[in-house]
Structure formats: C-alpha cells, structure tokens
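Here are the chains, one letter per residue:
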Amino acid sequence: MSVEVPSWDEYFLGIAKAVAARAKCVRRRVGAVLVLDRRIIATGYNGAAPGLPDCLEGACPRGQLSYDQVPGLGDYDRPGTPGFCIAIHAEVNALLFATRDTKGAIAYITDQPCPGCRKALAAAGIVRAVWPAGEYNREQLTDWSV
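Rules behind the numbers
Residues numbered from 1 in each chain as written. Predicted model: local features only at pLDDT ≥ 70, side-chain atom pairs only at ≥ 80, totals over all residues. Heavy atoms only, no water. Core = buried A, V, L, I, M, F, W, Y, C linked by side-chain atoms within 4.5 Å. Buried < 20%, exposed > 50% of the residue type's maximum accessible area, 1.4 Å probe, protein only. Contact = heavy atoms within 4.5 Å. Patch = residues over 30% accessible without salt bridge, like charges linked within 9 Å, V, L, I, M, F, W, Y side chains within 5 Å. Areas by Shrake-Rupley, 256 points an atom, 1.4 Å probe, with all protein chains shown as cover. Salt bridge = Lys/Arg side-chain N within 4 Å of Asp/Glu carboxyl O. Helix = DSSP H or I, 4+ residues; strand = E, 2+ residues; numbered from the N terminus.

Enquirer: In this structure, what is going on with the nonpolar core? I would like to understand it.
Expert: Side chains of nonpolar character tend, in soluble globular proteins, to be buried together. Ranked by size, the top nonpolar core spans 20 residues in total, and within it Leu34, Ile109, Leu121, Ile126 and Leu141 carry the most contacts. Ile126 has contacts with Leu34, Leu95, Thr102, Ala105, Ile106, Ala107, Leu121, Arg138 and Leu141, leaving out every residue within four places of it along the chain. Grouped together as the second largest cluster of nonpolar side chains are nine residues, Val19, Ile106, Tyr108 and Val130 included.

Enquirer: Would you take a moment to explain a nonpolar patch on the surface for this structure?
Expert: A contiguous nonpolar surface patch, about 440 Å² in accessible area, is contributed by Met1, Val3 and Val5. Structurally, Val3 can be placed in the segment before α1 (8-20).

Enquirer: Honestly, the environment of Tyr67 in this entry has me stumped. Any pointers?
Expert: Among the structural elements, Tyr67 can be located in the loop between β2 (39-45) and α2 (90-96). Note on Tyr67: relative accessible area 62%, which makes it exposed. Taking the C-alpha atoms as reference points, Tyr67 and Arg27, separated by 40 residues in sequence, lie 8.8 Å from one another. Residues within four places of Tyr67 in sequence aside, it is in contact with Val26 and Arg27.

What follows is the structure, encoded as structure tokens:
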C-alpha cells in the first residue's frame, strides 16, 4: 500500500485554505498561516477588527458595490471613498495574533500578498511567503521590482 504524503508547503497551504473559510468578506476569502520550525504559531483571515461589524453584515462600503462599480486599489484604504474596505488582511491578522516572535517564520497564504502585507511580513522577520502560484524569499518581500 502506497500512501502519498504532501510536502510541507502543500500541507501548510492546505491549512491556509481551511483558515480562509472563516474570512468575513463578500469579495475575497484569504487565509494565512505563520509557521516556525514546522509548527503553526498563528493563523489569520481577512475581515473587520474583532468585535466590529464586518462585510458579511453590510458594514464595508466596498462590499456593497457591484463588481463593475469597484474602483481600483487606489481607493482601497481611503476612508470615505466608495472603494474603501474595512478588512484587515489575513497576513496582518496572523501577525497580530502570533503567540510568539515571528522572526524566521514562513507565511503560507492563499493568495499573493499585497505590497502592504509584504512590508508587514518583512518587518516581522518573515523569511519566506508562499502562496499557491509562487513565493517570495526574504529579499523579494521588499524588492518592489518583483
């Protein structure tokens, strides 16, 4: 009998996908898992700050727009604009709720991290970010040409 065991990257990406199921956004469901020495130290998904109304409750201006009304990413973080989103990204939530120092950890994410999350991951000492279609090493997290 042959048993197929997933690689560590496949394993933790699968867990990130499960975490994304808790996302509180009507547009995108993203999950993140922070791993140090092959042990999970935090998980996070996108959504409003804990205890506040979220996108699923109609609290997000961006979430109330139809897909053809959504402006580009420029208005994403500007309160008062129709494109404003109240969600905290999965990567940032994972960093906020990490139970220990994240220096040297790997981030497994269900989607490529945005520039803001790349900066946050680099500042937290993350050495590698992995998503289903690619990865960044430590230097690439802050290399804006990639």
